[in-house]
Amino acid sequence: MDAEVDGILVAAHELKAPLSVLRQLALSFDGAGDGDEHIRSEMVSVSERAIRQVNDLTKIKRLSDGLFEMEPVAVRAVCDEVTQELQYLFRFNKRDLFVKYANRAGLVVANRELLHSVVYNFLLNAMHYSGEETRSELIVKDVKDRVRIVIRDYGPALPGDVWREMKRGFIEKPTSIAMRPGSSGLGLFIASRFSRYMNAKVGAVRHRDGTSFYVELMMSRQARLFE
Amino acid sequence: MIFVIDDDAIMAECIAKACSFECGVRFSDAGVRISDGGVCSSDAGVRISDGGVCSSEAGVRIFGDAVAAMEAISDGAMPDLIFLDILLTGPDGFTFLNELVSYTDTARIPVVVVTSLEIQHDLSDYGVVGILNKDTMTPAEVREYAKKYARH
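Here goes a summary of the coordinates provided.

### What about the overall build of chain B?
Logical step 1: In terms of regular secondary structure, chain B is built from five helices and nine strands.
Logical step 2: Counting from the amino terminus, chain B carries its helices and strands in the arrangement β-α-β-β-β-β-β-α-β-α-α-β-β-α.
Logical step 3: Expressed as a percentage of the 152 residues in chain B, the buried residues total 51%.
Logical step 4: Within chain B, counting contacts between residues at least 6 apart in sequence, those at least 24 apart form 55% of the total.
Logical step 5: For chain B, the exposed surface amounts to about 7,100 Å²; the carbon and sulfur share of it is 48%.

Set out below in structure tokens:
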């Protein structure tokens, strides 16, 4: 693994403990004022998102051990879980989240935990780069013998170098995406790594007013036995 | 009496606080502070010993390492419940568990493991009655164990 990426993963591991402590402190916080409960839940929510990202990074290190089993996974259940988790965040940031299931195949070959992270990171990425009062879209559809999960944002266009990496189907390491302020491309990097582990295809489509990222997973043959 | 063994003093304080509420004593009233060295200090209601150990009126004692906790037990303090971190400075949590089950009187002490590690093994033979993940646990879960196992 690239030394730079290795360094990032070590740093992530070191961040785990302080982030867990921050979350516990927020949960233990006894505010007295009216708005304190709101501040407390925000603190918990922010630290939980950070913990999730750190955990995703530490999982990258474990991918090479092959510990994540592939199995038939209900794609809709995973997407529902993620959208439910992020719904509040979208609302809080004055963004809409539109979800559409146009797939007939219910099961894909994946690792549930990793697929959850891929969809989560793509959606979080979309939320960050969509402007206020705009919407992000999650669309699930069949493409031949695969199921494609598309996450569309209405943010700044994807820069050339990231675009080229996405076309190649793999992001080597997090990069600074200047046109998308505040981004290190970390979410895309994580999603890309997890997708590769699951033999899924990742890609992006550039639009004039944003970007669509997608991940394509093999339909589960097991599911067809019941059709 | 509840023991909290964690070398992260702030995490230990959070766990102790969750237990203390169960006892009807607000942990903040006990005046527990964490100093730079990660050692508890207090203004009132908290006893302090040299080994980074503190205890509150609420019946919760915090230990920064397994050795200090074992010494307290040897001195006669028999906890009703122990919240135990695994990755400790010095002997780790597994060593501590092993030490506990080595003696008939300490083997029966219920232990709740509090860790960020993903533990898949059954540790019930070591007196472990529960495992809490530091990333996802809540004060309510801590309180549940305190309520179930600790005598107040």
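### Observations concerning the nonpolar core
Logical step 1: With 51 residues, the main nonpolar core has Leu115(A), Phe122(A), Leu123(A), Ile149(A) and Leu217(A) as its most contacted residues.
Logical step 2: Sequence-distant contacts of Leu123(A), defined by excluding residues within four places in its chain, comprise Val82(A), Thr83(A), Leu86(A), Phe90(A), Leu97(A), Leu138(A) and Ile151(A).
Logical step 3: Core analysis: the next-biggest nonpolar cluster, separate from the first, contains 23 residues, Ala68(B), Met70(B), Ile73(B) and Ile109(B) among them.

### Examining the interface of chain A and chain B
Logical step 1: With 13 residues of chain A at the contact, the number on the chain B side is 15 residues.
Logical step 2: Carbon and sulfur atoms supply 51% of the area that chain A and chain B bury against each other, a total of about 1,200 Å² over both sides.
Logical step 3: Three residues, Val21(A), Gln24(A) and Asp30(A), lead the burial of chain A against chain B; their summed loss comes to 37% of the area buried on that side.
Logical step 4: Viewed at the interface, chain B and chain A are joined by two salt bridges.
Logical step 5: When the shortest N-O distance is used, the salt bridge between Asp135(B) and Lys16(A) registers 3.8 Å.
Logical step 6: Counting across the interface, chain A meets chain B through seven residue pairs in polar contact (both at pLDDT 80 or more).
Logical step 7: If you list the elements that add at least two residues to the side of chain A that touches chain B, you get α1 (3-28) and α2 (36-63) of chain A.
Logical step 8: The biggest single contributor to the side of chain A that touches chain B is α1(A), with eight residues.
Logical step 9: Looking at the side of chain A that touches chain B, its residues break down into five nonpolar, four polar and four charged.

### A short note on the packing of helix α3 (residues 75-92) of chain A against helix α4 (residues 112-129) of chain A
All names here are of chain A.
Logical step 1: The interhelical angle for the contact between α3 and α4, taken along N-to-C directions, is 35 degrees, at an axis separation of 9 Å. Along this stretch, α3 crosses α4, giving a crossing that reads as right-handed. Here α3 contributes Ala77, Val78, Cys79, Glu81, Val82, Thr83, Glu85, Leu86, Leu89 and Phe90 to the contact with α4, which in turn contributes Arg112, Leu115, His116, Val119, Tyr120, Leu123, Leu124 and Met127.
Logical step 2: Grouping the constituent residues of the contact of α3 with α4 by class yields 13 nonpolar, two polar and three charged.

### Re the pattern of salt bridges
Residue and element names in this part refer to chain A.
Logical step 1: The full count for this structure, using the stated rule, is 15 salt bridges over all chains.
Logical step 2: A salt bridge links Glu113 to Lys59; the shortest N-O distance between them is 3.4 Å. Here Lys59 lies in helix α2 and Glu113 lies in helix α4, a separation of 54 residues in the sequence.
Logical step 3: According to the relative accessible area criterion, Glu113 is partly exposed, its value standing at 37%.
Logical step 4: Measuring nitrogen to oxygen at the nearest pair gives 3.8 Å for the salt bridge that ties Arg76 to Asp80. Residue Arg76 and its partner Asp80 are located together in helix α3, separated by four residues, close to a single helical turn.
Logical step 5: Residue Arg76 is classed as partly exposed on the basis of its relative accessible area, which comes to 48%.
Logical step 6: Beyond isolated ion pairs, a larger network of salt bridges with shared partners links Asp56, Lys59 and Glu113.

Rules used in this analysis
Residues numbered from 1 in each chain as written. Chains lettered and ligands numbered in written order. Predicted model: local features only at pLDDT ≥ 70, side-chain atom pairs only at ≥ 80, totals over all residues. Heavy atoms only, no water. Helix = DSSP H or I, 4+ residues; strand = E, 2+ residues; numbered from the N terminus. Buried < 20%, exposed > 50% of the residue type's maximum accessible area, 1.4 Å probe, protein only. Contact = heavy atoms within 4.5 Å. Areas by Shrake-Rupley, 256 points an atom, 1.4 Å probe, with all protein chains shown as cover. Core = buried A, V, L, I, M, F, W, Y, C linked by side-chain atoms within 4.5 Å. Buried area = accessible area lost by both parts, 1.4 Å probe. Salt bridge = Lys/Arg side-chain N within 4 Å of Asp/Glu carboxyl O. Polar contact = N/O pair within 3.5 Å; in protein donor to acceptor, adjacent residues only side chain to side chain. Nonpolar A, V, L, I, M, F, W, Y, C, P; charged D, E, K, R; others polar. Axes fitted to C-alpha atoms, helices over the stretch in contact; angles between N-to-C directions. Left-handed = near helix turned anticlockwise from the far one by under 90°.

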